[in-house]
Amino acid sequence: MNKFILLTLALFPFNNQAFGQENTILNYSFEIISDCPDDFLTGGIGLAEFWSSAMSTPDIYNACAPFDFGGVPINTTNCYQLAHSGNGYAGIAPFYTIPRTTEYMEVKLKEKLIKGKRYFVRFYVSARNCSDPEICYSDAMGLAFSNTFYQEDVITGAEQIPPFVPAIQNPTGNIIKDTLNWMEISGCYTATGTEQYAIIGSFKTSANTQSEGCVGVTGSYYYIDDVGVYEYDPLP
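So, a few notes on the structure that sits alongside this text. The model shown is predicted, which means the values in this text are computed figures rather than measured ones.

## A look at the overall build of the protein chain
Logical step 1: Per the secondary structure count, the protein chain includes one helix and 16 strands.
Logical step 2: Scored against the burial criterion, the 236 residues of the protein chain give a buried share of 50%.
Logical step 3: Long-range pairs, those at least 24 residues apart, make up 80% of the contacts in the protein chain with a sequence separation of at least 6.
Logical step 4: Only carbon and sulfur atoms are counted for the fraction: they give 52% of the accessible area of the protein chain, which is about 10700 Å².

Structural data, given as structure tokens:
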């Protein structure tokens, strides 16, 4: 397949110079894709270079999509959201009302984090805004690091959570329900020197997740954009 490199020159200063430091997340804004998502694609995160599924079927969206299902700003069942930057973003389901496996996406860092160094970690989320009136929101969202590539097959009917402590996490009780704006989840992290991969998803059980508007068998869904890990001293 032909590779679509949907970057503009204006984006490069942000990628390389944010906070005066280099972003260790490759393809941080999901702009470099191997093909455009379409109506027949489920769990297309692998179309974004350097990204993969750690568990279940995270999605990718881009303005180049030939159909609305995988498009930006319109996608899925008449959902609408502009990208935080560029032309694309990812999407995951971090919570269900019944215990089951949620979605996790993963990227290898440009380089291993340095032991004892402090890093500013952040990414942006937005709640899906759709014509479907049954909207479910939750507080479950975080980013964790792994020293090795992590990937698990889904066990039907089981709730599976990667065995990592999140480096940053949306505060408990802060239910993410803004469908218009992008919300920053960020924090400071001191590296152990083993971190080589970043994993995004929920690191809480469904029983420990707070939600709103979740009626019946349903779940929350969020768009993800502009993931960053920056060495920084002093921390912002």
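Structure's up, so let's keep going.
## Digging into the pairing of strand E3 (residues 51-55)
Logical step 1: The buried fraction of E3 amounts to five of the five residues, a majority that puts the element mostly inside the structure.
Logical step 2: Where E3 lies against strand E8 (residues 104-108), four bridges are found, and the strand directions are antiparallel. Residue pairing in the sheet places Trp51 in a bridge with Val107 of E8.

## A look at the state of the cysteines
Logical step 1: Throughout the structure, instances matching the rule amount to three disulfides.
Logical step 2: Note that Cys136 is cross-linked by a disulfide to Cys214, the S-S spacing being 1.9 Å. With the S-S bond torsion at 85°, the cross-link from Cys136 to Cys214 turns out right-handed. Of the two residues, Cys136 sits in the loop between strand E9 (118-127) and strand E10 (137-138) while Cys214 sits in the loop between strand E15 (211-212) and strand E16 (219-231), which places them 78 residues apart along the sequence. Neither Cys136 nor Cys214 differs from the other in exposure class; each is buried.
Logical step 3: Listing the disulfide partners of the protein chain by sequence rank of the bonded cysteines yields 1-2, 3-4, 5-6.

## A word on the sheet that holds E16
Logical step 1: Taken together, the five strands give an open sheet; going across it, the order is E4-E7-E16-E9-E13, and neighbouring strands pair in antiparallel fashion. For this open sheet the edge positions go to strand E4 (59-62) and strand E13 (183-190), each flanked by a neighbour on one side alone. Geometrically, the sheet is characterised by an average inter-axis angle of 35° between neighbouring strands, direction not taken into account.

## Brief notes about the packing of aromatic side chains
Logical step 1: For the structure shown, the criterion picks out 10 aromatic pairs.
Logical step 2: Summarising the aromatic geometry, the rings of Tyr61 and Tyr223 are spaced 5.6 Å apart at their centres and angled 85° between planes, so their arrangement reads as edge-to-face. With Tyr61 in strand E4 and Tyr223 in strand E16, this pair connects stretches of sequence that are 162 residues apart. Considered together, Tyr61 and Tyr223 belong to a single accessibility category, that of buried residues.
Logical step 3: Geometrically, the ring pair formed by Tyr221 and Tyr223 is edge-to-face, given 6.1 Å between the ring centres and 85° between the ring planes.
Logical step 4: Through pairs of rings, three or more aromatic residues link up here, namely Tyr61, Tyr89, Trp182, Tyr221 and Tyr223.
Logical step 5: Positioned above the aromatic ring of Tyr96, the side-chain terminus of Arg100 is 4.0 Å from the ring centre.
Logical step 6: Lying across the ring of Tyr221, Arg128 places its NZ or CZ 4.0 Å from the centre.

## What to know about the nonpolar core
Logical step 1: Counting 37 residues, the largest nonpolar core has Trp51, Phe123, Met141, Phe145, Ile200 and Ile224 as the members making the most contacts within it.
Logical step 2: Breaking this core down by element, the ones donating at least two residues are strand E7 (88-96), E8, E9, strand E11 (142-146), E13, strand E14 (197-201) and E16.
Logical step 3: In contact with Ile224, not counting residues within four places along its chain, are Phe30, Tyr89, Ala90, Ile92, Met105, Phe123, Tyr124, Val125, Met141, Trp182 and Ile200.
Logical step 4: Tyr61, Ala83, Tyr96 and Tyr221 belong to the second-largest nonpolar core, a separate cluster that totals 12 residues.

## A look at the sheet that holds E14
Logical step 1: Spatially, E3-E8-E14-E11-E12 is the arrangement adopted by the five strands of the open sheet, whose pairing is antiparallel. Strand pairing shows two members of the sheet lacking a second neighbour, E3 and strand E12 (168-169), which therefore form its edges.
Logical step 2: In terms of strand pairing, E11 meets E14 through five bridges, oriented antiparallel. Its bridge partner being in E14, Ala144 is matched across the sheet by Ile199.

## Details of the pattern of salt bridges
Logical step 1: Within the structure shown, the criterion is met by four salt bridges.
Logical step 2: Between Glu231 and Lys117 there is a salt bridge whose closest N-O contact spans 3.5 Å. A residue pair is termed long-range when its members are at least 10 positions apart, and Glu231 in strand E16 and Lys117 in the loop between E8 and E9 qualify at 114 residues.
Logical step 3: For Lys117, a relative accessible area of 35% gives the class partly exposed.

Thresholds, definitions, all that
The numbering scheme is per chain: residues are counted from 1 as the chain's sequence reads. pLDDT decides what is reported in this predicted model: residues at 70 or higher carry local features, side-chain atom pairs at 80 or more are listed and counted, and totals for whole chains, interfaces and linings draw on all residues regardless. Derived side-chain values reflect all non-hydrogen atoms in the structure, with water molecules and hydrogen atoms excluded from consideration. In this description a helix means any DSSP run of H or I spanning at least four residues, a strand means any run of E spanning at least two, and both kinds are numbered starting from the N terminus. A 1.4 Å probe rolled over the protein chains alone gives each residue an accessible area, and that area as a share of the maximum for its type sets the label: buried under 20%, exposed over 50%, partly exposed in between. In this description, contact between two residues means that some pair of their heavy atoms is separated by no more than 4.5 Å. Using the Shrake-Rupley algorithm and a 1.4 Å probe, accessible areas are obtained, with residue cover drawn only from the displayed protein chains. One bridge is not enough; two strands pair if DSSP finds at least two bridges between them. Only a pair of cysteine sulfur atoms within 2.5 Å qualifies as a disulfide here. A fitted line through C-alpha atoms serves as each axis, taken over the contacting stretch for helices, and the angle formed by two N-to-C directions is quoted from 0 to 180°. Think of it this way: a Phe, Tyr or Trp ring, Trp meaning its six-membered ring, pairs with another when their centres are within 6.5 Å, and the plane angle makes it stacked under 30 degrees, edge-to-face over 60, tilted otherwise. Two thresholds decide whether a charge sits over a ring: the Lys NZ or Arg CZ must be within 6 Å of the ring centre and within 35 degrees of the ring normal. Residues belong to a common nonpolar core when they are buried Ala, Val, Leu, Ile, Met, Phe, Trp, Tyr or Cys residues joined through side-chain atoms within 4.5 Å. By salt bridge we mean one thing: a side-chain nitrogen of Lys or Arg within 4 Å of a carboxyl oxygen of Asp or Glu.

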